[in-house]
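# Observations on chain architecture
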Amino acid sequence: MKNLLRGVSPSARYAVLGDPIGHSLSPKIQQAALRACGLPGEYVPLRVPSGSCGEVLSLLAEQGWIGANITVPLKTEALEWCQDCSVEAREIGAVNTVLFADRRGLNTDGPGFLRTLPDLTAPRALILGAGGAARAVAWALRQRGWPFFIWNRSPSRAEQLAEEFGGQMLPTPEVDVGDFNLVVNTTSAGLHGQALPVHWPTKGGGLALDISYGRELSPFLRSAAAFSWSVQDGRAMLLEQGALAFEAWTGLPAPREVMAREIEI
Ligand code: ATR
């Protein structure tokens, strides 16, 4: 396992663990935040395959690292490794932030997403997908007190998630988003180049959010924009979850403007 750290800067004290990890923008925003606050230590990406998360976290803890972010597919393994977890991490069932000193796990995805939600007077929200990412979104919508529906390709997962977080499931194989004014895509369909069976209304529009980000808009956001919906990709959520993680590690207010500039929002 020590091989994993070969070539990693000796001053690294923070990391993001996941597989794949090359596309992650976390090193950019966190490194900029550390620099802006004059803090020592580097933040590095580590590719950690499924099944090895606990072992790697133990090694980093032994070596005196300060904090880590955890991403796909390791968030439940990280939860199992932690000795102590925040309420959010327990409720969402995933850890995306680790504090090594006391082996504590947090989930800042749910609270981070919550901070990116606009004010809506009559919210009618729909979550597309029912995997790990959808749990953080459902948690946030419940926290905000907004009623929400869940649609998933496999309806049984939508039913389970709706039951757990107090939403309602959409049982149809296709979705008419005209009934909603906030639609959040948490599926990985776009990553696989697959289209979602979503029908956009020809009149009016709401806000379409995608929790993923990339160089280009996702196919989901491209269709939303074509039907005059406002669109927002996952960078706003990335920023907020990262800022909350930074604050937990350092005890300092996160320099959000510096971090936002790094990812052009
Ligand atoms: P994550 O932790 O990123 O949410 P996940 O738990 O594997 O990853 O969930 C992926 C989600 O994307 C699921 O809701 C999945 O639907 P299924 O539960 O039916 O598998 C959804 N998904 C993936 N590819 C899809 C596609 N082509 N069309 C619709 N939904 C898709």
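Heads up: these notes are all about the structure in this document. Keep in mind that this is a model prediction, so the values were computed, not measured. (Residues numbered from 1 in each chain as written. Predicted model: local features only at pLDDT ≥ 70, side-chain atom pairs only at ≥ 80, totals over all residues. Heavy atoms only, no water.)

Our next topic: helix α7 (residues 155–165). Of the positions making up α7, those classed as buried are Ala 158, Leu 161, Ala 162 and Phe 165. Take α7 and look down its axis: the buried residues cluster within an arc of 100 degrees, on one side only. Away from its buried face, by an angle of more than 90 degrees, α7 presents the exposed residues Gln 160 and Glu 163. Close packing links the buried residues of α7 with α4 (87–92), α6 (132–144), β8 (148–151) and β9 (168–169). Among the residues trailing α7, Gly 166 stands out with phi positive, at a value near 80 degrees. (Buried < 20%, exposed > 50% of the residue type's maximum accessible area, 1.4 Å probe, protein only. Helix = DSSP H or I, 4+ residues; strand = E, 2+ residues; numbered from the N terminus. Arc of directions from axis to C-beta. Contact = heavy atoms within 4.5 Å.)

A few words on the site of the ligand. Surveying the vicinity of the ligand reveals 15 residues, the closest of which are Asn 152, Arg 153, Ser 154, Arg 157 and Gln 194. One of the backbone nitrogen or oxygen atoms of Ala 130 is found 3.0 Å away from an oxygen atom of the ligand. Here an oxygen atom of the ligand sits 2.4 Å away from a polar atom, N or O, in the side chain of Ser 154. In isolation the ligand has 640 Å² of accessible area, and contact with the protein removes 76% of it. Of the residues belonging to the shell around the ligand, the class tally is four nonpolar, nine polar and two charged. (Near = heavy atom within 4 Å. Polar contact = N/O pair within 3.5 Å; in protein donor to acceptor, adjacent residues only side chain to side chain. Areas by Shrake-Rupley, 256 points an atom, 1.4 Å probe, with all protein chains shown as cover. Nonpolar A, V, L, I, M, F, W, Y, C, P; charged D, E, K, R; others polar.)

This next bit is on the packing of aromatic side chains. This structure, assessed with the given rule, holds six aromatic pairs. Taken together, the ring pairs connect Tyr 14, Tyr 43 and Trp 249 into an aromatic cluster. One cation-aromatic arrangement involves Arg 144 over Trp 146; the distance from NZ or CZ to the ring centre is 5.1 Å. (Phe/Tyr/Trp six-rings, centres within 6.5 Å; stacked < 30°, edge-to-face > 60°. Lys NZ or Arg CZ within 6 Å of the ring centre and 35° of its normal.)

Taken in spatial order, the six strands make up an open sheet running β2-β1-β3-β5-β6-β4, and their pairing is mixed. At either end of the open sheet lies a strand with only one pairing partner, and these are β2 (42–47) and β4 (84–85). Sheet topology note: the β4/strand β6 (residues 104–106) ladder contains two bridges and is parallel. Bridge pairing in β6 places Asp 84 opposite Arg 104. The sheet strands contacting helix α1 (residues 26–36) are β1 (12–18), β2 and β3 (67–70), and the helix crosses β2 at an angle near 160 degrees. Sitting on the sheet, helix α2 (residues 53–62) touches β1, β2, β3 and β5 (97–99), and the angle it makes with β1 is about 175 degrees. (Pairing = 2+ DSSP bridges. Axes fitted to C-alpha atoms, helices over the stretch in contact; angles between N-to-C directions.)

On to the environment of Gly 129. Positionally, Gly 129 belongs in the loop between β7 (125–128) and α6. Setting aside residues up to four positions removed in sequence, Gly 129 forms contacts with Ala 134, Ile 150, Trp 151, Asn 152, Leu 161, Thr 186 and Thr 187.

This brings us to empty space enclosed by the protein. Empty space among the atoms becomes apparent when a probe as large as a water molecule is rolled across them. One pass over the full model with this rule turns up one cavity of 30 Å³ or more. By volume, the largest cavity is sized at about 50 Å³. Forming the boundary of the largest cavity are Phe 113, Thr 116, Leu 209, Asp 210, Ile 211, Gln 232, Asp 233, Gly 234 and Met 237. Of all the secondary structure elements, the ones that give two or more residues to the lining of the largest cavity are α5 (109–116) and β13 (207–210). Residues belonging to the lining of the largest cavity are distributed by class as follows: four nonpolar, three polar and two charged. (1 Å grid on protein atoms, 1.4 Å probe; cavity = no way out; pocket = protein on both sides within 12 Å on 5 of 7 lines; lining within 4 Å. Points joined across faces, edges and corners; volume = space filled by probe spheres on them.)

This next bit is on unusual backbone geometry. Pro 20 follows Asp 19 through a cis peptide bond whose omega is 5 degrees. By the element assignment, Pro 20 lies in the loop between β1 and α1. With omega at 5 degrees, the peptide bond leading from Val 72 into Pro 73 counts as cis. Within the secondary structure layout, Pro 73 lies in the loop between β3 and α3 (75–81). Positive phi, close to 50 degrees, is recorded for Arg 103, a residue that is not glycine. Tracing the chain through its elements places Arg 103 in the loop between β5 and β6. For Glu 264, which is not a glycine, the phi torsion comes out positive at approximately 60 degrees. Along the polypeptide, Glu 264 turns up in the segment after α10 (256–262).

Bringing the environment of Val 98 into the picture now. Residue placement: Val 98 occurs in strand β5. The class for Val 98 is buried, based on a relative accessible area of 0%. In this structure the C-alpha to C-alpha distance between Val 98 and Leu 207, which are 109 residues apart in sequence, comes to 32 Å. Beyond its immediate chain neighbours, meaning those up to four positions away, Val 98 contacts Leu 57, Ile 66, Gly 67, Ala 68, Ile 70, Trp 81, Cys 82, Arg 104 and Trp 249.

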